[in-house]
Amino acid sequence: MRAGIARDAPDVHFARGFTLISDLDGTLLPAPFSNGLGHVVHPPLSAGPAFAPLVELLRAGATVVAVTGSQFGTHRARFFDVIPRELRASGRVLLAVESGARLFRGCERSGEPIEDDEFQRAAFGGRRPTLEPALVDELVALGRRGLRRFYADLLTRGPALLDGLVDDAHVRAVVLDAAAAGASSDAPVSLSQDVVPRVEVREHGAAVVFVGVPSSLGSRYFGLAPARLAALVDARPTGRLCFDCVPVGVGKAAVVRFLLERGVVVPGRALCLGDRPLGNDEGLAQWARPGAWRELPADARACVGDAERKAGAGACGPQACGPVPFISVAESVALVPPFLRPYHASGNAHGSAAVLWALGARLAAAHAAGAAAGALCGCLLYTSPSPRDGLL
């Protein structure tokens with residue numbers, strides 16, 4: 001008999017349109033793995049469990065907004081291009097990259113990605129946020145020091161350094177294999193995904209990324225001690241092995257705010273999904289806080305109906321909900337802030353697949369009932385210890 005925990009999900013108005021805002025790595029995309037030949041394979045969305053239910057959700061009329069810290073080229077190939085062309089051309093597939101610094105959507109004729117210049121103007125005054133060259137150099141030096149310190153500790157303490165903090169077998173294998181080299185020399189500046197450890201300097205100074213320390217340990221080894229750096233850089237653990245440094249003001253929250261202002265995201269008709277609500281998905285998770293109702297743009301507040309206001313007052317579950325709920329698929333509840341733990345599904349891409357199948361079933365039911373169906377409330381999400389058991 002499967003053990004499970006019932007969770008109250010917030011009210012979501014499927015019959016009037018629905019938007020999913022989701023992280024990619026660790027959430028929708030399948031986990032990377034070694035091919036045994038010294039290369040790390042980063043599978044596309046179509047190779048993982050979330051692909052089929054995501055396509056079904058799109059075919060049912062939902063909008064999907066994927067937000068990642070990675071570069072456009074990488075996640076165009078892994079996410080955007082594997083979505084069927086007719087769905088990309090519908091305008092309901094969006095991809096935000098570089099931690100929310102750039103936003104793309106499909107061309108109506110070809111389905112090819114085109115950059116949303118309006119987002120750049122609205123969020124950043126038309127100027128692409130960048131790190132100055134001298135600041136990039138300083139961050140590279142800081143990253144190299146942190147990487148060497150981590151690998152020196154790993155050589156000294158061995159796997160015990162990771163116990164209780166890193167459960168992912170692939171991550172453990174990668175860092176243990178790299179320990180000797182990582183402790184003896186500075187990490188190279190490289191964009192090759194086969195090189196670990198490394199420091200990535202993104203195009204035009206969009207970001208500096210330290211790769212090679214498990215995200216659960218990132219803050220320990222890469223603290224931005226100088227106050228001057230903290231005033232210029234937003235820095236946080238991301239994915240499984242990364243620590244991102246981006247210009248202040250860049251973040252996933254900016255994407256959600258822009259889409260709220262444009263009516264693509266409407267409170268009560270949207271849901272966020274991610275695996276690092278205490279890390280690089282904090283910009284998505286913040287909209288689930290009850291106090292986030294006060295942060296809504298004026299146009300978004302004007303769209304909020306009676307049912308959504310009731311949800312904000314606490315009608316959606318055991319505690320008050322924010323305007324855009326968040327479901328966590330982190331591998332451990334320890335990675336989830338207390339206010340989101342009732343909405344923790346676990347399982348990474350497997351947990352996301354289960355959430356998406358459940359959402360698709362509710363959206364199909366809403367369409368079958370007709371647009372007057374209103375809110376579909378009180379959904380119970382069941383999670384089990386095994387993410388492959390799913391979420392019913």
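Structural data are supplied above this passage.
(A) Focus on the pairing of strand 7 (residues 102–106). Counted residue by residue, strand 7 has 4 buried out of 5 residues, so it is predominantly covered. With 4 bridges connecting them, strand 6 (residues 93–97) and strand 7 associate as antiparallel partners. Within strand 7, the position partnered with Val97 by the bridge is Arg102. Connecting the antiparallel pair strand 6 and strand 7 is a turn made up of 4 residues, with Glu98 showing a positive phi of about 55 degrees. Relative to strand 8 (residues 113–115), strand 7 is paired through 3 bridges, and the arrangement is antiparallel. Residue Phe104 lies in a different strand from strand 8, and its bridge partner there is Glu115. Linking strand 7 back to strand 8 in an antiparallel pair, the connection comprises 6 residues, with Gly111 at a positive phi of about 80 degrees.

(B) Here's a closer look at the pattern of salt bridges. Under the counting rule described, the total for this entry stands at 20 salt bridges. Residue Asp281 is joined to Lys252 by a salt bridge in which the shortest nitrogen-to-oxygen separation is 2.6 Å. Of this pair, Asp281 sits in the loop between strand 13 (270–274) and helix 10 (282–285) while Lys252 sits in helix 9 (residues 252–261), and the two are 29 residues apart along the sequence. With a shortest N-O distance of 3.5 Å, Arg262 and Glu261 are connected by a salt bridge. Judged by relative accessible area, which is 37%, Arg262 ranks as partly exposed. One connected set of salt bridges, linked through shared partners, spans Arg76, Asp81, Arg88 and Glu112.

(C) Examining the nonpolar core more closely. Counting residues in each nonpolar core, the largest one holds 70 residues, and the members touching the most others are Ile21, Phe150, Tyr151 and Val208. Ranked by residue count, the leading element in this core is helix 5 (residues 133–157), at 9 residues. Here Phe150 is in contact with Leu161, Leu162, Val175, Gly212, Val213, Pro214, Leu217 and Tyr221, once residues within four sequence places are set aside. One finds Leu45, Leu87, Val93 and Ala345 within the second-largest nonpolar core, a separate group that totals 32 residues.

(D) Expanded view of the side chain of His170. Here His170 shows up in helix 6 (residues 169–184). Those residues in contact with His170 that lie beyond four places of it in its chain are Pro32, Phe33, Ser34 and Val40.

(E) Molecular detail of the packing of helix 4 (residues 117–124) against helix 9. Their axes nearest at 10 Å, the elements helix 4 and helix 9 cross at an angle of 110 degrees. Between helix 4 and helix 9, the interaxial angle falls into the category roughly perpendicular. Between helix 4, through Glu118, Phe119 and Ala122, and helix 9, the contact on the second element is made entirely by Ala254, Val255 and Phe258. Across the contact of helix 4 with helix 9, the residue classes break down as 5 nonpolar, no polar and 1 charged.

Analysis parameters
Residues numbered from 1 in each chain as written. Predicted model: local features only at pLDDT ≥ 70, side-chain atom pairs only at ≥ 80, totals over all residues. Heavy atoms only, no water. Buried < 20%, exposed > 50% of the residue type's maximum accessible area, 1.4 Å probe, protein only. Helix = DSSP H or I, 4+ residues; strand = E, 2+ residues; numbered from the N terminus. Pairing = 2+ DSSP bridges. Salt bridge = Lys/Arg side-chain N within 4 Å of Asp/Glu carboxyl O. Core = buried A, V, L, I, M, F, W, Y, C linked by side-chain atoms within 4.5 Å. Contact = heavy atoms within 4.5 Å. Axes fitted to C-alpha atoms, helices over the stretch in contact; angles between N-to-C directions. Parallel < 35°, antiparallel > 145°, perpendicular 65-115°, else oblique. Nonpolar A, V, L, I, M, F, W, Y, C, P; charged D, E, K, R; others polar.

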